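Chain residues, written in single-letter form:
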Amino acid sequence: MVTLAEVARHAGVSASTVSYVLSGKRSISAATRERVETSVRQLGYHPNAGARALASSKSNIIALMVPLRTDMYVPVMMEIAMAVTTAARTHGYDILLLTGEEGAQAVRRIEGSALADAMIVMDVELDDERLPLLRTASRPAVLIGLPSDTAGLICVDLDFAAAGAACAQHLADLGHREIAVIGEAAAVYERRTGFAERTLTGLRERSRELGLKLLHRPCEGSYASVSATLSRVFDERPGTTAFVVQNEAATDPLLALLRQSGRAVPEDVSVVAVCPEQVAAHASVPLTSVAVPAQEMGRRAVEQVIARIEGRGSQEEVVLLSPELTVRESAAQAPVGA
């Protein structure tokens, strides 16, 4: 491993000069800086992270808390995590990924150590047990998600309530009056996970305003679960002419089961989804959808946390990304007589 002293000898300067160039703590002439940087590149020198942390009281690491649960669509979570990682590197930070379901204990572990300079927290519940600790933490923290009380917190999220309302409005504009919602797994609602609860709130409120009949049914997402849920919906509401799906794993089984039951999409039944763009675009019938902007959410969260690390910005801020509904091939005018 190349040492700082070897870089100094190669550049013909003192070790302290190399240190100042790398840390930016002192003004160094352009010619000397260029010579040191050339030596660093040619020798392949990388500063020791532990030594750098001791010297600066910074680790240049951001902890990303993303519990990987079996009842969540992991590809979306990992897309956000990758966006966070990529954005953090542009600012010179690495990511420490915490995937266990440790809850508040994970916050205490980061807060009580020098593992990370800041935290980004995902899978946020409306009454998340981590919130009291995050509000009083000495390290900056940003939530990707929106709890019921945002006081003293920095949050970034899609406006899921507006996304739900947009789905209901689109279907109402097409003449649909009875709509069923195929939601996430029951455990997601039992935990009162923010994105799922807020989407449902938006759907319910807009449906009430428009006089629509709305039926919500959680679903595990497997073929058998979607089949049972679909049968239940048509037993309870035989006049259902449209579905809103917020469950990525359920989209393909739903389209297949509707086709098998003799219901054509969109001629007989319309389907609108809240899901990632690639899921909607590559479905067997391309889905009209509100996209989950995973890349943008990750990037914005990093921007917010970097600003706080650098002493910029307030200690309380909510950034809500406006939903965009993209019309594809899965939704059409309600059948005559519906």
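See the structure printed just above.
A brief look at the structure comes next. Keep in mind that this is a model prediction, so the values were computed, not measured.

Parameters at a glance
Sequence order as written defines the numbering, with residues in each chain counted from 1. Per-residue local features are limited, in this predicted model, to residues with pLDDT of at least 70; the limit for side-chain atom pairs, both in listing and counting, is 80 or more; totals at the level of whole chains, interfaces and linings are taken over all residues. Remark: hydrogens and water are excluded; side-chain values derive from all non-hydrogen atoms of the structure. Here a strand is any run of E in DSSP of at least two residues, a helix any run of H or I of at least four, and the numbering for each starts at the N terminus. Here, residues are in contact when the closest pair of their heavy atoms is within 4.5 Å. Being paired, for any two strands, means DSSP has found at least two bridges between them. Angles here are taken between N-to-C directions and fall from 0 to 180 degrees, while the axes themselves are lines fitted to C-alpha atoms, restricted in helices to the stretch in contact. Helix span, expected: 1.5 Å multiplied by one less than the number of residues in the helix. Throughout, exposure labels follow a simple rule: accessible area from a 1.4 Å probe, protein chains only, divided by the maximum for the residue type, with under 20% read as buried, over 50% as exposed, and the rest as partly exposed. Reported orientations rely on four angle classes, namely roughly parallel under 35 degrees, roughly antiparallel over 145, roughly perpendicular from 65 to 115, and oblique for the rest. Under this grouping Gly is polar, as are all residues other than the nonpolar Ala, Val, Leu, Ile, Met, Phe, Trp, Tyr, Cys and Pro and the charged Asp, Glu, Lys and Arg. What makes a salt bridge here is a side-chain nitrogen of Lys or Arg within 4 Å of a carboxyl oxygen of Asp or Glu, nothing more. Throughout, the arc means that of the directions going from the helix axis to the C-beta atoms. Handedness of a crossover is defined as follows: orient the strands so they point away from the viewer, and if the path from the first strand over the helix to the second runs clockwise, the crossover is right-handed.

What about the environment of alanine 151?
Structurally, alanine 151 can be placed in the loop between strand E4 (141-144) and strand E5 (154-158). Residues alanine 151 and leucine 131, spaced 20 residues apart in sequence, show a C-alpha to C-alpha distance of 9.9 Å. Residues in contact with alanine 151, not counting those within four places in the same chain, are Arg135 and Glu316.

Section: the sheet that holds strand E8 (residues 242-245)
Ordered by their spatial adjacency, 6 strands build an open sheet running E7-E6-E8-E9-E10-E12, and the pairing between neighbours is mixed. The sheet is open, and its two borders are formed by strand E7 (213-217) and strand E12 (325-326), each paired with just one other strand. Bridging between E8 and strand E9 (residues 270-275) involves 4 bridges; their strand directions are parallel. Directly across from alanine 242, in E9, lies its bridge partner serine 270. Helix H12 (residues 251-260) rests against E8 and E9 of the sheet, and its axis sits at about 165° to E8.

Some words on helix H14 (residues 294-309)
Count 3.6 residues to each turn of an α-helix, and residues three or four apart come out pointing the same way. Taking 1.5 Å as the rise per residue, H14 with 16 residues should run 22 Å; its terminal C-alpha atoms sit 23 Å apart, in good agreement. Among the residues of H14, those classed as buried are Ala294, Met297, Gly298, Ala301, Val302, Gln304, Val305, Ile306, Ala307 and Arg308. Structurally, H14 contributes buried residues whose contacts are with strand E1 (61-65), helix H5 (74-90), strand E3 (118-121), E4, E5 and strand E11 (317-321).

Considering the packing of helix H2 (residues 15-23) against helix H3 (residues 30-43)
Where H2 contacts H3, the two axes come as close as 10 Å, and the packing angle between them is 90°. Put simply, H2 runs roughly perpendicular to H3. Seen from H2, the contacting residues are Thr17, Val18, Val21 and Leu22; seen from H3, they are Thr32, Arg33, Val36, Glu37 and Val40. Residues that form the contact of H2 with H3 fall into these classes: 5 nonpolar, 2 polar and 2 charged.

Examining the pattern of salt bridges
Counted under the stated rule, the structure contains 18 salt bridges. Across the pair aspartate 128 and arginine 130 runs a salt bridge, and its minimum N-O distance is 2.8 Å. Neither aspartate 128 nor arginine 130 differs from the other in exposure class; each is buried. With its nearest N and O atoms 2.7 Å apart, the salt bridge here joins arginine 312 to glutamate 310. By sharing partners, the salt bridges in this structure join Arg69, Asp71, Asp123, Glu125 and Arg191 into a single network.

A word on helix H11 (residues 223-236)
With 14 residues, H11 extends 20 Å from end C-alpha to end C-alpha; this agrees with the ideal 20 Å at 1.5 Å per step. Every buried residue of H11 is accounted for by Ser225, Val226, Thr229, Leu230, Val233 and Phe234. Taken down its axis, H11 places every buried residue within 155° of arc, on the same side. Opposite the buried face of H11, at more than 90 degrees from it, the exposed residues are Ala224 and Asp235. Each element contacted by the buried residues of H11 is listed here: strand E6 (178-182), E7, E8 and H12.

A short note on the pairing of E3
Along E3, one buried face is formed by Ala118 and Ile120 and the opposite face, lined by Met119 and Val121, is buried too. The pairing of E1 with E3 spans 4 bridges and is parallel. Within E3, the residue paired with alanine 63 across the bridge is methionine 119. Between the parallel pair E3 and E4, the chain is carried across by helix H7 (residues 131-136), and the sense of this crossover is right-handed.

Thoughts on the sheet that holds E5
In space, the 6 strands of this open sheet follow the order E2-E1-E3-E4-E5-E11, with parallel pairing throughout. If you trace the sheet from one side to the other, it starts and ends with strand E2 (94-98) and E11, each paired once. In this sheet, adjacent strand axes meet at a mean angle of 20° when their direction is disregarded. Across 3 bridges, E3 lies against E4 in parallel orientation. Across the sheet, methionine 119 pairs through a bridge with alanine 141, a residue of E4.

Description of the pairing of E1
Walk down a regular strand and you will see the side chains alternate between the two sheet faces. The buried count for E1 comes to 4 of 5 residues, which makes it a mostly enclosed element. In this structure, E1 lies alongside E2, joined through 5 bridges in parallel fashion. Residue methionine 65 lies in a different strand from E2, and its bridge partner there is leucine 98.

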